[in-house]
Each structure stands twice: as C-alpha cells, then as structure tokens.
Amino acid sequence: MTVVTRFAPSPTGFLHIGGARTALFNWAFARHHGGQFLLRIEDTDRARSTPEATEAIFEGMRWLGLDWDGEAVSQASRETRHAEIGADMLANGTAYKCWSTKEEIDAFRAQAKAEKRPPLFLSPWRDADADAIAAQDAAGEPYVIRLKAPREGQVVVEDAVQGTVTWEAAQLDDLILLRSDGTPVYMLAVVVDDHDMGVTHVIRGDDHLTNAARQSLIYRALGWDVPVFAHIPLIHGPDGAKLSKRHGALGVDAYRDMGYVPEGMRNYLARLGWSHGDDEVFTTEELMDWFNLEAIGKGAARFDFAKLANINGHHIRSMPEDRLAALLFDFAAAQDHALDAATRDMLTEALPGLRERAKTLTELVDLAYYILATRPLEPDEKAAKALAGDAPKLLARLTPHLHAATPWKPSPLEDAVRRFAENEGLKLGKVAQPLRAALTGRGVSPGVFDVMVTLGRDEALARIADVTGG
Ligand code: GLU
C-alpha cells in the first residue's frame, strides 16, 4: 500500500503553529514511507475563507520546506461531487430526507430536556412511510439529507495514537449530510475528499476525534475503507493551559520574523508530541528516517520558547555555511539592511565566528550590526556607556598608533593596542572596550582585532574618527 497523507487547513487565517505541526507530521509520515503528501484547502465556509489566507498557508508551508505533491485541492470546487454522493446515499437507503423545521427540532430538544432525556434530535422522517414522503416531495418542501446512523451498538475508532475509542451509537445523531440548499456539510466533504484523494492515513489534532466517529459511519454507509486515524494531542502552553498568543500560538510567519530557521522549526515542531529516544536535535533527513505514529505521545505537548531557541541555535551552528549565509542575507534584507557585494563578503567572512554565538537570525543580525550598519553608528546602551567620559580622548591618543600598525592584520593591531595600554598604565580591556564600542556600536562583538580586519583599515579608522571628532 502506498501511504497517502494530507493536510487540510481551513483558510481563515495564517498557518498557525498547531496547523504547521499537523502538516509536518503528515509530511514526515508520507516521506518516511515514500508515499504522497497532499494539500487540501477546506474553503467551503465562503464567508470566512479568503484567498489571502490560502496564500499565507502556501507561503508558510513553503517556508517550512513542507512540499506537497501535486496541486492543492480546493474543497469548495468539489461540491458537485459531494452532492452526488449525498444523492447516492439517499438512493441506497443509508440516508433520508428530513423535513423537520427548526421550530420542530427546538421543540423536540426542549421536551427531551424537560424529560431529562439526551437532547439528541431523532427525526420523525427517518422511518416515515412512503406516502408521507411522496406527499412532501410533491409539495416541493425544502428538506435536508441526513445520515441514517445506527441507533444501537457501538461505534469504534481504532486510533493509532489514542487506541480504541468507543462511542455508544445512541449518542450520535443522524447528522445532516446535505443542507436544504443542496450544499454539503463539512463532515461529508471530508470523507468524500479523503476517499477520492486516496488518503490512507488521517493525522490531525485530537479536537477532531469525535468527528472520526461520525466520519466512520459515513465511510461505512458508503462501503468505503476507513483510513487509519491518528489524532494527536493539541499543543499546550508551558503552564499546561491551552496555547495562547503569549505562549506562542502565532502564525509561522511570526516565527520566521523572530529569526527561527526552517530547520530549527521542523526539528522543534517534530518534538512537540513525537519523540525518538532521547534525541532532541536531529536533521530533517533523520526525521524522515525515524518518523512513525507509534512514538506520538498521548499527553499534550508543551510549547517552550527556550527549547525552541536552543534547538534553533544548534541548526544555526550546524547547517551548511552557504545555506546560513543565504538565510541571513534574506533576513537582513527583510529588515531593510542594504546588502551590497562588499557587505555580503564581510558577512560571509565573519559568519563562522558569529554563528557560534547566535540562537536566532535576529541575534545573528544583532551580532553582525557592525557589518550591516553604516556610519555614523548608533551605539546601543552598553556601547554608549563605554564611549562616555574620557573615552574619546583615549581613542584619539590611540589613533596614531593604529595608523602606524602594518600590515592591517590582527596581530600587529593587537601589539599596537597592547603597547599603547601599557604606556597609559591601563589594562588592555580598558582600551579594547571603547575601541569595540566605536567600531561596532555594541557592547559585545567578535574579537575586536578581527573586527578591525573585517571592516578594513579605512572604515575602521573612520568609525574611530567619528567618535573622537578627529
Ligand atoms: N479543516 C479542518 C481544520 O482546519 C481539518 C479537517 C481534517 O483534518 O480532517 O481543522
């Protein structure tokens, strides 16, 4: 059997982090088995679905590197097919027309409540006689089509994560399949689409578990194979409560803008609910090799920004240098940093040192501020402090010694600064700190002599002159 999975988001907003994890699990499972990963946009709710949201989902998936097979399917475009299947069910007796009005249904529920019975609506049309039905048909009264669900016994879902889950048939009503205007309800559309798309495994959030019971009934009524269901526990915040914005319930675009890299996100999202022994950090190839449904946990995963940052830092340190450079260039450009060829060269040269100290691209850009910034620099708080008081005068006295240092390489520069500090009766740090501040505008940076070489003689001396007024 070829494995076919799908991700079926409703395009009503950005691709949020929970959806991204669902997509990742489906993608990893399909890729592990050499199967197919399909994308279906569940856009039947016309009022809430927007093309912008669909585009945001595509974009989020592309950024995460979750490539889907074939064209994305629009659920709304398949309404005719859904309606056809509803009509088939009516014809084969697994569904029936129901003419009950809203008032009748409300009255039924009110009475059930008063008699302390379950408020499950039982349509009188389920077992109505043929003449009554023919009369309604002849009158052209509007009706819905309902599933003729079993009234007795149990509905069992064998879930790959949750195990065997059982419902009493009497607890599930005869759900509506087609509305009175002939449009399909979500529950029918999902089943028909999953069947037609050949989906073998449905991996999704456990908020859909009860839907699986209802959908199983539709599959059975149609004589179709029920796919393997795997309902994954939702993501919670670090305190165990439902994930809120503060906890990280954001779109993947927000994570991109915070400077997380796709490799890090994939790794972290995989660990939100799935594990491979004690492995915390792994590559996407390893994820594809290892991913299975058996190791999905039953408990809710907790979102943890610190862990995400750590994992992201690992990937920043270990990914191929040209890949990191490309990500960094895009990220810096998105923040309006002008990246001419000289700046790119400088960044590339400094990258091996910088990447060791950054967990996110945001931190990397901050560390690379001295390369990205243009004169005159805007010192941060620490740098401003280092440049206060007599610091400019000190740097002015140092300047001729730097002019004299040849060649413009770390060790002659270091010698010059050391000798100057000794003559001034100062520790090296007392000179290096304001020097760093003048050159980088920051309180922390890579080694100050390396920075001078990266910047080049003219730029370095000009930055110092900006501070000394020389
Ligand atoms: N469209 C549904 C949602 O966004 C998913 C349906 C499914 O995966 O079966 O929650």
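Quick note: structure is the one above.
Residue positions are given per chain, counted from 1 along the sequence in the order it is written. Per-residue local features of the predicted model are confined to residues with pLDDT of at least 70, and side-chain atom pairs are confined, for both listing and counting, to 80 or more; whole-chain, interface and lining totals are unaffected and use all residues. Hydrogens and water are ignored here; the side-chain numbers use all heavy atoms of the structure.

Looking at the overall build of the protein
Next up, step 1: Counting its regular elements, the protein contains 21 helices and twelve strands.
Next up, step 2: Taking 2.2 N^0.38 as the reference for a compact globule, 470 residues should give roughly 23 Å; the C-alpha atoms of the protein span a radius of gyration of 32 Å, well beyond that estimate.
Next up, step 3: Out of the 470 residues belonging to the protein, those deemed buried represent 49%.
Next up, step 4: Should any heavy atoms of two residues lie within 4.5 Å, those residues are counted as being in contact. Taking as baseline every contact in the protein between residues at least 6 positions apart, the subset at least 24 positions apart corresponds to 75%.
Next up, step 5: Here the accessible surface of atoms and residues is derived via Shrake-Rupley with a 1.4 Å probe, and residues count as covered only by protein chains that are part of the display. When the accessible surface of the protein is summed, it comes to about 22,200 Å², and 51% of that surface belongs to carbon and sulfur atoms.
Next up, step 6: Just so you know, the count uses Lys and Arg for positive and Asp and Glu for negative, and it drops His and the chain ends. Positions of charges follow a simple convention, taking NZ of Lys, CZ of Arg, CG of Asp or CD of Glu. Side-chain charges of the protein comprise 52 positive and 68 negative groups, with the mean position of each set lying 6 Å from the other. Working definition: helices are DSSP H or I runs of at least four residues, strands are E runs of at least two. Numbering for both runs from the N terminus. As a reference, a globule follows 2.2 Å times the number of residues to the power 0.38, and the radius of gyration itself is taken over C-alpha atoms. Under the scheme applied here, a residue whose accessible area is under 20% of the maximum for its type counts as buried, over 50% as exposed, and between as partly exposed, the area being computed with a 1.4 Å probe on protein chains only.

Let's talk about the packing of helix α3 (residues 79–91) against helix α6 (residues 186–196)
Next up, step 1: As a rule, the C-alpha atoms of each element are fitted with a line to give its axis, helices using only the stretch in contact, and angles between N-to-C directions run from 0 to 180 degrees. It is at 10 Å that the axes of α3 and α6 come closest, and there the two elements cross at 100°. Of the possible angle classes, the one that applies to α3 and α6 is roughly perpendicular. The segment α3 lies against α6, with Arg-81, His-82, Ile-85, Gly-86 and Met-89 engaging Leu-188, Ala-189, Val-192, Asp-193 and Asp-196.
Next up, step 2: When residue character is reported, Ala, Val, Leu, Ile, Met, Phe, Trp, Tyr, Cys and Pro are called nonpolar, Asp, Glu, Lys and Arg charged, and the others, Gly included, polar. Classifying every residue of the contact of α3 with α6 gives five nonpolar, two polar and three charged. Here roughly perpendicular refers to angles of 65 to 115 degrees, roughly parallel to angles under 35, roughly antiparallel to angles over 145, and oblique to all remaining angles.

Section: the site of the ligand
Next up, step 1: Near the ligand you find Arg-6, Ala-8, Pro-9, Ser-10, Glu-42, Tyr-186, Arg-204 and His-208, and these make up its full shell.
Next up, step 2: Two N or O atoms form a polar contact when they lie within 3.5 Å of each other; inside protein one atom must be a possible hydrogen donor and the other a possible acceptor, and for residues adjacent in sequence the pair counts only when both atoms belong to side chains. For the ligand, an oxygen atom lies 2.7 Å from a polar atom in the side chain of Arg-6.
Next up, step 3: Take Arg-204: an N or O atom from its side chain is 2.7 Å from an oxygen atom of the ligand.
Next up, step 4: Taken together, the residues of the shell around the ligand sort by class into three nonpolar, two polar and three charged. A cutoff of 4 Å decides nearness: a residue is near a molecule or strand if any of its heavy atoms lies inside that distance of it.

Concerning helix α18 (residues 410–424)
Every α-helical turn comprises 3.6 residues, leaving residues that sit three or four positions apart pointing alike.
Next up, step 1: The span expected for a helix works out to 1.5 Å for each residue beyond the first. Between the first and last C-alpha of α18 there are 21 Å, a value that for 15 residues agrees with the 21 Å anticipated at 1.5 Å per step.
Next up, step 2: Listed as buried for α18 are Pro-412, Leu-413, Ala-416, Val-417, Phe-420 and Ala-421.
Next up, step 3: Contact partners of the buried residues in α18: α17 (391–404), α19 (428–440) and α20 (448–455).

Examining the nonpolar core
Next up, step 1: The definition of a nonpolar core used throughout is a set of buried Ala, Val, Leu, Ile, Met, Phe, Trp, Tyr and Cys residues joined through side-chain atoms within 4.5 Å. Of all hydrophobic cores here, the largest spans 53 residues; its most connected members are Leu-402, Leu-435 and Leu-439.
Next up, step 2: Here the element with the most residues in this core is helix α12 (residues 321–334); it accounts for seven residues.
Next up, step 3: Contacts of Leu-439, omitting those with residues within four sequence positions, involve Tyr-370, Leu-377, Val-448, Val-451, Met-452, Leu-455, Ala-460, Arg-463 and Ile-464.
Next up, step 4: Listed in part, the 48 residues of the second largest apolar core include Trp-27, Leu-39, Tyr-268 and Leu-293.

Considering the sheet that holds strand β5 (residues 144–147)
Sheets are built from strands that pair by backbone hydrogen bonding, the pairs being arranged parallel or antiparallel.
Next up, step 1: Judged by pairing direction, the sheet is antiparallel, and its three strands sit side by side in the order β4-β5-β8 without closing on themselves. The outermost strands of the open sheet, each flanked by one partner alone, are β4 (95–98) and β8 (176–178). The sheet shows a mean angle of 45° between the axes of neighbouring strands, direction not considered.
Next up, step 2: At least two bridges found by DSSP between two strands is the condition for calling them paired. In terms of strand pairing, β5 meets β8 through two bridges, oriented antiparallel.

Concerning α3
Next up, step 1: Here α3 is 13 residues long and its end C-alpha atoms lie 18 Å apart, about the 18 Å a rise of 1.5 Å per residue gives.
Next up, step 2: Among all positions of α3, only Glu-79, His-82, Ile-85, Gly-86 and Met-89 are buried. Along the long axis of α3, the arc covered by the buried residues comes to 125°, so they all point the same way. Opposite the packed face of α3, turned more than 90 degrees from it, sit the exposed residues Thr-80 and Ala-91.
Next up, step 3: Downstream of α3 by one or two residues, Gly-93 has phi in the positive range, about 85°. The arc in question is formed by the directions pointing from the helix axis toward the C-beta atoms.

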